[in-house]
Structures are given as C-alpha cells and as structure tokens.
Amino acid sequence: VQLQASGGGLVQAGGSLRLSCAASGGTFRGYDVGWFRQGPGKEREFTAAIRWSARTTHYADSVKGRFTISRDNAKNTVYLQMNNLESDDTAVYYCVATSRMILSSLPTPSSWFYWGQGTQVTVSS
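Residues numbered from 1 in each chain as written. Predicted model: local features only at pLDDT ≥ 70, side-chain atom pairs only at ≥ 80, totals over all residues. Heavy atoms only, no water.

**Q** Help me out: how do you make sense of the state of the cysteines in this one?
**A** Put plainly, two cysteines are in a disulfide when a covalent bond ties their sulfur atoms together. Summed over the entire model, instances satisfying the criterion amount to 1 disulfide. Residue pairing for Cys21: its cysteine sulfur links by disulfide to Cys95, the two sulfurs lying 1.8 Å apart. Across the S-S bond of Cys21 and Cys95 the torsion is about -75°, and the bridge reads as left-handed. Within this pair, whereas Cys21 is found in strand S3 (residues 17–24), its partner Cys95 is found in strand S9 (residues 91–99), the two being separated by 74 residues in sequence. Of the two residues examined, Cys21 and Cys95, each falls in the buried class. (Disulfide = S-S within 2.5 Å. Helix = DSSP H or I, 4+ residues; strand = E, 2+ residues; numbered from the N terminus. Buried < 20%, exposed > 50% of the residue type's maximum accessible area, 1.4 Å probe, protein only.)

**Q** Is there a simple way to explain the sheet that holds strand S8 (residues 77–82) in this structure?
**A** Within a sheet, each strand pairs with its neighbour through backbone hydrogen bonds, oriented either parallel or antiparallel. The 4 strands are arranged S1-S3-S8-S7 in an open sheet whose pairing can be described as antiparallel. The outermost strands of the open sheet, each flanked by one partner alone, are strand S1 (2–6) and strand S7 (67–72). Here the strands of the sheet are splayed against their neighbours by 15° on average, with no regard to which way each runs. (Pairing = 2+ DSSP bridges. Axes fitted to C-alpha atoms, helices over the stretch in contact; angles between N-to-C directions.)

**Q** Sorry, what's going on with empty space enclosed by the protein here?
**A** Empty pockets left among the atoms are what a rolling probe the size of a water molecule brings to light. The final tally for this structure, using the stated rule, is 1 cavity of 30 Å³ or more. Considering only enclosed or pocket space, the largest cavity measures out at about 40 Å³ in volume. Every residue lining the largest cavity is listed: Arg37, Gln38, Gly39, Lys42, Glu43, Glu45, Asp88, Thr90 and Ala91. (1 Å grid on protein atoms, 1.4 Å probe; cavity = no way out; pocket = protein on both sides within 12 Å on 5 of 7 lines; lining within 4 Å. Points joined across faces, edges and corners; volume = space filled by probe spheres on them.)

**Q** In this structure, what is going on with the packing of aromatic side chains? I would like to understand it.
**A** We describe a pair of aromatic rings using the distance from one ring centre to the other and the angle between the two ring planes. In the structure shown here, the tally under the stated rule is 6 aromatic pairs. Here the aromatic rings of Tyr31 and Tyr114 are separated by 5.6 Å at their centres, their planes lie at 80°, and the arrangement is edge-to-face. Residue Tyr31 is located in strand S4 (residues 31–38), and its partner Tyr114 is located in strand S10 (residues 114–115); the two are separated by 83 residues in the primary sequence. With a centroid separation of 5.3 Å and an interplanar angle of 45°, the aromatic rings of Phe36 and Trp115 are classed as tilted. In this pair, Phe36 sits in strand S4 while Trp115 sits in strand S10, placing the two residues 79 residues apart along the sequence. Of the residues examined, Trp115 reaches a relative accessible area of 27% and is grouped as partly exposed. Here Arg44 stacks its cationic end above the ring of Tyr94, 4.2 Å away from the centre of that ring. (Phe/Tyr/Trp six-rings, centres within 6.5 Å; stacked < 30°, edge-to-face > 60°. Lys NZ or Arg CZ within 6 Å of the ring centre and 35° of its normal.)

Next comes the structure, spelled out in structure tokens:
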C-alpha cells in the first residue's frame, strides 16, 4: 500500500486546513490509519489515529478538541480536519498505516508499517 498525503499549506493562526491521505496500490481495508508530524528541530510525534472500523479514534493531548480524524473506506481516504491552528502546529504531517495497531504502540513511529511522503503545514502567527 502506498500513501499519498495532501492538503498542506500556509494558514494564519486560528485558521483551518484539511489533510487527506489516499491509498494506492491497495486499499485501507483492515488497516488502522494515523498521522504523525515533525516540526522544525523536533522529533516526530504522534498526532491522531483511527481504527479500521472508524468506531475508535485517538488523539495527542496537544490536538484534542481542535483536530478530527475521519475516514471514508469506500474512497480509500483518511482525513485530518485541523481547526484553530496554532504556530506550534507547524510541521510536516505524515500519513501512516498498519494493521491492528496495539493501543500502547500508537505513539511509536516504528510501530507503523506504511508511511506517506509528508505534507507541509505552516501556521503564521
């Protein structure tokens, strides 16, 4: 499965963006999908994840209440709606996927098997 992230860009603080992650060469069927981000001079960090069933979502504390992850399995696409953006949200956002992720392993980058190429989000203050 290949992942293609899109939707990044430049936005003012308080604004919104919606990132998309599309699967090609396969489907998202049976996969948990998530987003990591890496800001300038920072380590890669877990942002959000959604189970294959879409019944369960997980978020980093830093984005709870502002970001929403969702998926459309028929379109093989996962979305990350980002509202009330802050300068600290500036980062390259990576789409990730794996099958049946263990909850405790969600924040660990090496636990995710598939990675997309990343899309840049820049929030100006």
